[in-house]
Amino acid sequence: MKKTGAQIFVECLKMEGVDTIFCYPGGATLNITDVLSGSDIQQIVVRHEQGAVHASDGYARASGRVGVSLVTSGPGATNTVTGIATAYMDSIPLVIFTCQVNTMLIGNDAFQEADIVGITRPCTKHSYLVRDGKDLARMIKEAFYIARSGRPGPVLVDIPKDITSNLYEFKYPEKVNIRSYQPTYVGHIGQIKRAMKEIAASKKPVLYTGGGIISSGASAELVRLAEVLSIPVVNTLMGLGGFPGNHRLFLGMLGMHGTYAANMAITSSDLIIAVGARFDDRATGKVDEFAPHAKIIHVDIDPTSISKNIKVDIPIVGDSKNVLQKMIHLAEQGGPEFKDYHASIGDWIKETEQWKNDYPLTYVRNGTLKPQYVIERIYELTKGKAIITTEVGQNQMWTAQFFKFLKPRTLLSSGGLGTMGFGFPAAIGAQVAYPKSLVIDIAGDGSIQMNIQELGTAVQFRLPVKVVILNNAHLGMVRQWQELFYEKRYTWTCLECTPDFVKLADAYGAAGYVIEREDDVDTVLKEAFRNGMPTLIDVKVNPEESVYPMVPAGAPLREMLLV
Amino acid sequence: MRHIISVLVENEFGVLSRVAGLFSGRGFNIESLCVAESLDPTVSTMTLVTSGNDAIIEQVLKQLNKLINVIKVVDFKELDYVSREMVLVKVNADERSREEILRMVEIFRGKIIDVSPKTYTLLITGDEEKLKAFLTLIKPLGIKELVRTGPIAIARGDKVIKVKEKHSEGGGEGNG
Ligand SMILES: Cc1ncc(C[n+]2csc(CCOP(=O)(O)OP(=O)(O)O)c2C)c(N)n1
Ligand SMILES: [Mg+2]
């Protein structure tokens, strides 16, 4: 039987198991929205298309499933760009459907036409312009497959409006067959054995792990390998939660705002075992002086990540989980080459523990309300059992430092692109995926204003997301750089005319609270966390606080400014 | 180092812009690019010339491979190959120089493909060295315009660069 393109679209989503779509309408979506409304796919209608993509991204990061959004042509499509670029940098599986003007009008500068495939080409894993409706089902199938397989990423499908109303024979393809796309999951056993030899011969190994552990579901394997061989672990921002934040072998996050122990361990190490991390400049500091005494083993599913920023001694292309399983197997056999290893590793562990004890993450308690204190309290009150999203800036770094992430997919943060305005819509998406969980966006007063309109979405769909605004009356992170490197000339960074967040919440029908003193933190947070409503909590923190340790941009990791 | 790279791609809409965008977006050099359908009409061959140190070339090859529509990437540095380029040159041709031009074209096994009262248009094919030698010699006669294709290359002997069919997994597994 023949179906319209819109019907085919909805059938395909069902076949893919899509339960939720984040969307915003326009002239070009009309045929699809009309069919979708009769389906049991949940439709979360946002207030801005950037919000739709970030929400689908939060849904994907929290659940591990592909996040799906649908927007109209032209401005609807261009509004998605920041969301797509954010997901691309962090390897998040999304499918973004944009509608396009009629096939015959493409290229004519038609009303609300934008070459969205062209605009997003550098920030998508792949994209499709559906030029013939008979390809629609295949392209949708491929889009989902490409988004979630290999190194995940966003895939855009642009559908002209006439295709959504024309009739086509519908047959859902059983299989995907893309001859030019064959991700490598299985690590080369010879390389893995070489890596194990290096580990056995090392005295100061460090596991440096990132978001790849989370996307491949390899946390349990990471913990196992670290424990079997007593290897201390440092995480990138994207890797937090991939290894329990309260584990004795955990040294914390490395990099610009990393812990003293993590950065010193990298600096002193003789063997870095990088798994699912990509040697980003915020993590490595001055790249020529990164881990100056170490050989490097690098496990990554994306061959382009290997030897891109740093020369690697043993490259292993493969899925983190697959490779770690093989490493564990070899480590557990514990051949004779591991005898000396186990005898000497205790000294290295002691050295790292010394760093942890001598220079823990800390801040000065002086009677003023400190943002770090607020985050510590959120951790204690939730016992770490919450999904935390962040905005970007100091709020993000303090969260990474002072909240102990115990499980994967509990920290959702824009790592690669550093997108202010990500956290709130991402929290909405996470709440949609897990309606019963406590979802908290730790925000800044600047960032929250970048997608504040999504309060309407949260209220409309009864998504009781909590936004804790660490209100320092500044674009704090930029202010911090001005304080340190521009002689305190705070140009552009004092936030004036910030709205009264309690009144704003009230205007939207959400709950609002203010916290001005340490003493009120627990009472207000407890109340806010159980009120069952979307909630803004305006926490007036000390505006002078900075994030430490800090490795100035371009300096090696050992050169940390401490508190 | 200069590398000639052959890229087999799906003969589809938009693939060229993905490859071109990759080079501009990542700041890779691209000296020349030649694209046309291959023996298999579903596949196009792009021959491109780029340069860079080993680390850069490694990234170029990997990044090309990462593009979903790219089926195969071959760096001719790894192979024994032959390459040819074609050049069209419009030169001043007056009473005094015509004879000389004809002789050069003869020596280099070229052709004169168009003639006007004041110019000859010459066609020469060859590898890089040959074209360079020819252009050096013809230059003093006065080149008015020059168009080159950029090289194309093929492996020597019976070695064939072709697509091998593989099958993706991914059937069935839903979004759960
Ligand atoms: C969309 C976007 N624009 C600009 C920046 C640059 N930037 C990085 S941090 C920051 C300040 C953020 O201020 P706020 O949200 O109040 O967080 P704070 O640092 O004060 O905690 C800015 C402007 C960015 N990361 N993202
Ligand atoms: Mg701020």
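The shown structure was predicted, so the numbers you read here are calculated from the model rather than taken from an experiment. Here the residue index of a chain counts from 1 through its sequence in written order. Here the convention is simple: chains get letters from A, ligands get numbers from 1, in the order in which they are written. This being a predicted model, a pLDDT of at least 70 is required before a residue's local features are given, and a value of 80 or more before pairs of side-chain atoms are given or counted; all residues contribute to the totals for chains, interfaces and linings. Heavy atoms throughout the structure, all of them, feed into the side-chain values; hydrogens and water do not.

**Section: the overall build of chain B**
Numbering of helices and strands runs from the N terminus; a helix is a DSSP stretch of H or I covering at least four residues, while a strand is a stretch of E covering at least two. Helix and strand content of chain B: four helices and nine strands. Atoms considered for the radius of gyration are the C-alpha atoms alone. The globule rule reads 2.2 Å times the number of residues to the power 0.38. Taken over the C-alpha trace, chain B has a radius of gyration of 21 Å; the compact-globule value for 176 residues is 16 Å, which it surpasses by more than 25%. With the principal axes as the frame, chain B shows a C-alpha extent of 80 × 35 × 30 Å. Working definition: with a 1.4 Å probe on protein chains only, accessible area under 20% of the residue-type maximum means buried, over 50% means exposed, and in between means partly exposed. By residue count, 40% of the 176 residues in chain B fall in the buried class. Within chain B, counting contacts between residues at least 6 apart in sequence, those at least 24 apart form 73% of the total. Summing over all exposed atoms, chain B offers an accessible surface of approximately 10100 Å²; the carbon and sulfur share of this is 53%. Charged residues are defined here as Lys and Arg on the positive side and Asp and Glu on the negative side; His and the ends of the chain fall outside this count. Lys charges are placed at NZ, Arg charges at CZ, Asp charges at CG and Glu charges at CD. Within chain B, one finds 25 positive and 25 negative side-chain charges whose respective centroids are separated by 4 Å. The criterion used for residue contact is that any of the two residues' heavy atoms lie within 4.5 Å. For the area figures, the Shrake-Rupley method with a 1.4 Å probe applies, and any residue is considered shielded solely by the protein chains shown.

**Describing helix α15 (residues 339-358) of chain A**
The α-helix winds at 3.6 residues per turn, so residues separated by three or four positions along the chain end up facing the same way. All names here are of chain A. Expected span, for any helix, means 1.5 Å times one less than how many residues it has. In this model α15 runs 31 Å from its N-terminal to its C-terminal C-alpha over 20 residues, within 8% of the 28 Å that 1.5 Å per residue would give. Along α15, the sharpest change in direction is near 30° and occurs at I345. Lining the buried residues of α15 we find α9 (189-201), β9 (205-209), α11 (219-229), β11 (250-253) and α12 (260-268). At every residue, the bend is computed as the angle between two fitted axes, covering the seven residues ending there and the seven beginning there respectively.

**So, the interface of chain A and chain B**
Listed per partner, the contact involves 33 residues of chain A and 30 residues of chain B. For the pairing of chain A and chain B, the buried interface totals around 2800 Å² over both sides, and the portion due to carbon and sulfur atoms is 43%. The largest share of the area that chain A buries against chain B comes from R179(A), S180(A) and T304(A), three residues that together contribute 26% of it. Counted as salt bridges are all cases of a side-chain nitrogen of Lys or Arg within 4 Å of a carboxyl oxygen of Asp or Glu. Our enumeration of links across chain A and chain B arrives at three salt bridges. In this structure, R179(A) and E10(B) form a salt bridge, with 2.7 Å as the shortest nitrogen-oxygen distance. Polar contacts, as used here, are pairs of N or O atoms within 3.5 Å; protein pairs need one atom able to donate a hydrogen and one able to accept it. Residues neighboring in sequence count only if both atoms are side-chain atoms. Where chain A touches chain B, the interface holds nine residue pairs in polar contact (both at pLDDT 80 or more). Where the side of chain A that touches chain B is concerned, the elements lending two or more residues are β6 (126-129) and α7 (136-148) of chain A. Summed over both partners, the accessible area lost on bringing two parts together, with a 1.4 Å probe, is the buried area.

**Quick notes on the pattern of salt bridges**
Residue and element names in this part refer to chain A. Under the definition given, this model contains 38 salt bridges over all chains. Note that K540 is salt-bridged to D538, the shortest N-O span being 3.0 Å. Overall, K540 belongs to the partly exposed group, its relative accessible area being 36%. The buried category is assigned to D538, whose relative accessible area is 3%.

**Things to note about the site of ligand 1**
Residue and element names in this part refer to chain A. Each residue is tested against the molecule or strand, and it is near if at least one of its non-hydrogen atoms lies within 4 Å. Around ligand 1, the structure places 17 residues, and the nearest of them are Q394, D445, G446, S447 and G476. Taking N395, its side chain carries an N or O atom lying 3.0 Å from an oxygen atom of ligand 1. Coverage of ligand 1 by the protein amounts to 76% of the 590 Å² it exposes when considered alone. Those elements that provide at least two residues to the shell around ligand 1 are α17 (394-402) and α20 (476-485). With three residues, the top contributor of residues to the shell around ligand 1 is α20. Each residue gets one of three labels, nonpolar for Ala, Val, Leu, Ile, Met, Phe, Trp, Tyr, Cys and Pro, charged for Asp, Glu, Lys and Arg, and polar for the others, Gly among them. For the shell around ligand 1, the per-class residue count stands at six nonpolar, ten polar and one charged.

**A short note on the packing of helix α1 (residues 5-15) of chain A against α7(A)**
A pair of packed helices is characterised by two quantities: the angle between their axes and the separation of those axes. Residues and elements named next belong to chain A. The axes are straight lines fitted to the C-alpha atoms, using for helices just the contacting stretch, and the angles between their N-to-C directions are given from 0 to 180°. Where α1 meets α7, the axes come as close as 10 Å, and the angle between the chain directions of the two elements is 30°. Taken together, the axes of α1 and α7 are roughly parallel relative to one another. When you trace α1 past α7, the crossing you get is right-handed. Contacts between α1 and α7 involve G5, I8, F9, C12 and L13 on the former and, on the latter, L136, A137, I140 and F144. A breakdown of the residues in the contact of α1 with α7 according to their chemical character gives eight nonpolar, one polar and no charged. Any angle that falls under 35 degrees is termed roughly parallel, while one over 145 is termed roughly antiparallel, one within 65 to 115 roughly perpendicular, and all others oblique. Left-handed describes a crossing whose near helix is turned anticlockwise from the far helix by less than a right angle; the clockwise case is right-handed.

**What about the coordination of the magnesium ion (ligand 2)?**
Residue and element names in this part refer to chain A. The donor definition counts N, O and S atoms within 2.8 Å of each metal and applies 3.2 Å to Na, K and Ca; water is not among these atoms, so some sites may look incomplete. Looking at the magnesium ion (ligand 2), the protein donor atoms are D445 (OD), N472 (OD1) and H474 (O), and they sit 2.0 to 2.1 Å from it. When the donors of the magnesium ion (ligand 2) are listed by position in the chain, the intervening gaps give D-x26-N-x1-H. Here D445 is found in the loop between β17 (439-444) and α19 (455-460), whereas its partner N472 is found in the loop between β18 (466-471) and α20, with 27 residues between them in sequence.

**Side note on the environment of V374(A)**
All names here are of chain A. Mapped onto the secondary structure, V374 falls in helix α16 (residues 371-382). Sequence separation between V374 and W398 is 24 residues, and the spatial gap between their C-alpha atoms is 9.9 Å. When near neighbours in sequence (up to four residues on either side) are disregarded, V374 contacts L369, V468, L470, V539 and V541.

**Remarks on the packing of aromatic side chains**
In this analysis, rings of Phe, Tyr and Trp, with Trp reduced to its six-membered ring, are considered paired at centre separations within 6.5 Å, and the interplanar angle assigns stacked below 30 degrees, edge-to-face beyond 60, and tilted for intermediate values. Summed over the entire model, instances satisfying the criterion amount to 18 aromatic pairs over all chains. Consider the rings of F22(A) and Y59(A), whose centres lie 6.0 Å apart with planes at 65°: the pair is edge-to-face. In this pair, F22(A) sits in strand β2 (residues 20-23) while Y59(A) sits in helix α3 (residues 49-63), placing the two residues 37 residues apart along the sequence. By the burial criterion, F22(A) is buried, and Y59(A) matches it. Between F23(B) and F28(B) the ring centres are 5.9 Å apart and the planes differ by 75°, which places this aromatic pair in the edge-to-face class. For F23(B), a relative accessible area of 2% corresponds to the buried category. Overall, the relative accessible area of 14% leaves F28(B) in the buried class. An aromatic cluster of three or more residues is present, and its members are F9(A), F97(A) and F144(A). Criterion for a charge above a ring: Lys NZ or Arg CZ within 6 Å of the ring centre, and within 35 degrees of the ring normal. Directly above the ring of F13(B) sits R131(A), whose terminal nitrogen or CZ lies 3.8 Å from the centroid.

**A few points about the confidence of the model for chain B**
All names here are of chain B. The predictor rates its confidence in each residue with pLDDT, a number between 0 and 100. Counting all residues, the mean pLDDT for chain B is 92, and 93% of those residues have values of 70 or more. Taking the mean pLDDT of every element in chain B, the minimum, 95, falls on helix α3 (residues 98-107) and the maximum, 98, on strand β7 (residues 119-126). For residues 166-176, every residue scores under 50 in pLDDT, and the model assigns this stretch 33 contacts once sequence neighbours within four places are set aside. Reported confidences for the modelled complex are a pTM of 0.96 and an ipTM of 0.93.

**Description of the nonpolar core**
Side chains that are nonpolar tend, in soluble globular proteins, to be buried together. All names here are of chain A. Counting residues in hydrophobic clusters, the biggest one holds 102 residues, and the most contacted among them are I199, Y208, L229, I266, M327 and I537. Once you skip the residues sitting within four places of it in the chain, I537 turns out to touch V467, V468, I469, Y513, I515, V524, L525, A528 and F529. Put simply, a nonpolar core is a bunch of buried Ala, Val, Leu, Ile, Met, Phe, Trp, Tyr and Cys residues held in one set by side-chain atoms that sit within 4.5 Å of each other. If you look at the next biggest cluster of nonpolar residues, it comprises 41 residues, including I41, L70, M139 and V155.

**Structural notes on the side chain of S83(B)**
Tracing the chain through its elements places S83(B) in strand β5 (residues 81-92). Every residue in contact with S83(B), bar those within four places of it in the chain, is listed here: I4(B), G126(B), D127(B), I152(B) and A153(B).

**Remarks on the sheet that holds β18(A)**
Residues and elements named next belong to chain A. Think of it this way: DSSP has to see at least two bridges between two strands before they count as a pair. The six strands lie next to each other as β16-β15-β17-β18-β20-β19, forming an open sheet whose pairing is parallel. The strands lining the two open edges of the sheet, one partner per strand, are β16 (411-412) and β19 (511-515). Relative to β19, helix α21 (residues 501-508) is tilted by about 170°, and along the sheet it contacts β18, β19 and β20 (535-540). Against the sheet, helix α22 (residues 518-529) touches β17, β18, β19 and β20, its axis set at about 170° to β19.

**Regarding the pairing of β6(A)**
Burial along β6(A) is two-sided: the residues H126(A) and Y128(A) and S127(A) and L129(A) are all buried. Crossover handedness is defined here as right-handed if the route from the first strand over the helix to the second strand goes clockwise, with the strands pointing away from the viewer. Between β6(A) and its parallel partner strand β7 (residues 154-160) of chain A, the chain crosses via α7(A), and the hand of that crossover is right-handed.

**Some details on the packing of α3(A) against helix α18 (residues 423-433) of chain A**
Residue and element names in this part refer to chain A. The contact between α3 and α18 brings their axes to 6 Å, and the two run at 50°. Considering their axes alone, α3 and α18 lie oblique with respect to each other. Relative to α18, the crossing made by α3 is right-handed. On α18, the residues touching G51, H54, A55, G58, Y59, A62 and S63 of α3 are P425, A426, G429, A430, V432 and A433. When the residues that make up the contact of α3 with α18 are grouped by side-chain class, the tally is eight nonpolar, five polar and no charged.

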